[in-house]
Amino acid sequence: MSIAIYPGSFDPPTNGHMDIIRRASEIFDGLYVACMINLRKTSMFTVDERVEMLKRMSADCRNVSVVSSETLLADFAGKLGADVIVKGLRAMSDFEMEFQMALLNRKMNPKLDTLFLTTGESFQYLSSSLVKEIGSLGGDIRDFVPECVYDDIVRKLGVRR
Ligand code: PNS
């Protein structure tokens with residue numbers, strides 16, 4: 001059984017994340033989508049809100065489970081029995097940090113490899129932070145996030161208008 005983990009802060013989840021979830025779920029027998037802490041970012045959505053949105057988005061992917069953790073990814077992946085970390089790569093600007101994290105994760109857990117999926121070409125420009133910025137300033141984010149979580153995101157961003 002090949003089990004992978006797709007970690008992220010998903011604050012909020014976007015169509016780009018959904019694209020990676022679908023493609024990774026077709027490659028592996030089981031996929032954990034893991035809502036994790038990124039100490040370099042401040043989150044707007046609570047972990048429970050993000051997990052709930054991710055569950056709704058991936059409800060039709062039968063081999064996907066949504067989980068969350070405030071621990072190290074290298075430890076959490078080991079506990080779940082995952083031996084591959086899946087990450088989406090948008091542009092070269094993502095690469096340096098992702099490369100560093102992949103090496104550190106394998107150093108901490110030598111059984112853990114990182115597989116990068118190039119993002120779908122229509123999602124190259126998408127990021128959670130820009131979705132938050134556009135939505136908070138009253139822009140239309142309908143094309144950027146899955147329909148089933150659109151209302152949740154707009155409601156949360158609306159608080160900031
Ligand atoms: O979506 P993001 O914010 O780019 O995801 C980054 C994330 C959450 C995957 C990364 O910060 C992470 O792995 N956090 C868990 C804590 C951890 O293991 N940190 C050390 C990474 S080498």
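Quick look at the structure, then. (Residues numbered from 1 in each chain as written. Predicted model: local features only at pLDDT ≥ 70, side-chain atom pairs only at ≥ 80, totals over all residues. Heavy atoms only, no water.)

Burial analysis of strand E4 (residues 84–89) places 5 of its 6 residues in the buried class, the great majority of the element. Bridge count for strand E1 (residues 3–8) against E4 is 2 bridges, and the pairing is parallel. Counterpart to Ala4 in the pairing with E4 is Val84. Pairing analysis gives 6 bridges linking E4 to strand E5 (residues 113–118), with the strands arranged parallel. Of the residues in E5, the one forming a bridge with Leu89 is Thr118. Read as a crossover between parallel neighbours, the route from E4 over helix H4 (residues 92–108) to E5 is right-handed. (Buried < 20%, exposed > 50% of the residue type's maximum accessible area, 1.4 Å probe, protein only. Helix = DSSP H or I, 4+ residues; strand = E, 2+ residues; numbered from the N terminus. Pairing = 2+ DSSP bridges. Right-handed = clockwise from strand over helix to strand, strands pointing away.)

In this section: a nonpolar patch on the surface. A cluster of nonpolar side chains, Met92, Phe95, Phe99 and Leu103, forms an exposed patch at the surface whose accessible area comes to about 410 Å². Here Phe95 falls in the partly exposed class, since its relative accessible area comes to 30%. (Patch = residues over 30% accessible without salt bridge, like charges linked within 9 Å, V, L, I, M, F, W, Y side chains within 5 Å. Areas by Shrake-Rupley, 256 points an atom, 1.4 Å probe, with all protein chains shown as cover. Salt bridge = Lys/Arg side-chain N within 4 Å of Asp/Glu carboxyl O.)

Our next topic: the pattern of salt bridges. One pass over the full model with this rule turns up 10 salt bridges. Salt-bridge contacts for Arg22 lead to Asp60; the nearest nitrogen and oxygen are separated by 3.7 Å. Remark: Asp60 occurs in the loop between helix H2 (47–57) and strand E3 (64–69) and Arg22 occurs in helix H1 (residues 15–27); sequence separation between them is 38 residues. With a shortest N-O distance of 2.9 Å, Glu49 and Lys156 are connected by a salt bridge.

Another aspect to go through is the layout of surface pockets. The volume enclosed by the largest pocket comes to roughly 1200 Å³. As for the largest pocket, its lining consists of 44 residues, of which Gly8, Asn38, Lys87, Glu98 and Met101 are closest to the centre. Elements represented by at least two residues in the lining of the largest pocket include exactly E1, H1, E4, H4 and helix H5 (128–136). By residue class, the composition of the lining of the largest pocket is 17 nonpolar, 18 polar and 9 charged. (1 Å grid on protein atoms, 1.4 Å probe; cavity = no way out; pocket = protein on both sides within 12 Å on 5 of 7 lines; lining within 4 Å. Points joined across faces, edges and corners; volume = space filled by probe spheres on them. Nonpolar A, V, L, I, M, F, W, Y, C, P; charged D, E, K, R; others polar.)

In this section: the site of the ligand. As a structural note, the neighbourhood of the ligand is formed by 15 residues, with Ser9, Ile37, Asn38, Lys41 and Leu73 the closest of them. The separation between an oxygen atom of the ligand and a polar side-chain atom of Ser9 is 2.5 Å. In this structure, a nitrogen atom belonging to the ligand sits 2.9 Å away from a main-chain N or O atom of Ile37. For the ligand, the protein covers 82% of the area, taking 540 Å² as the surface of the free molecule. If you map the ligand onto the pockets, it falls in the largest pocket. Only E1 and H4 provide two or more residues apiece to the shell around the ligand. The greatest single-element share of the shell around the ligand, amounting to 3 residues, is contributed by H4. (Near = heavy atom within 4 Å. Polar contact = N/O pair within 3.5 Å; in protein donor to acceptor, adjacent residues only side chain to side chain. Sits in = over half its atoms within 2 Å of the grid points.)

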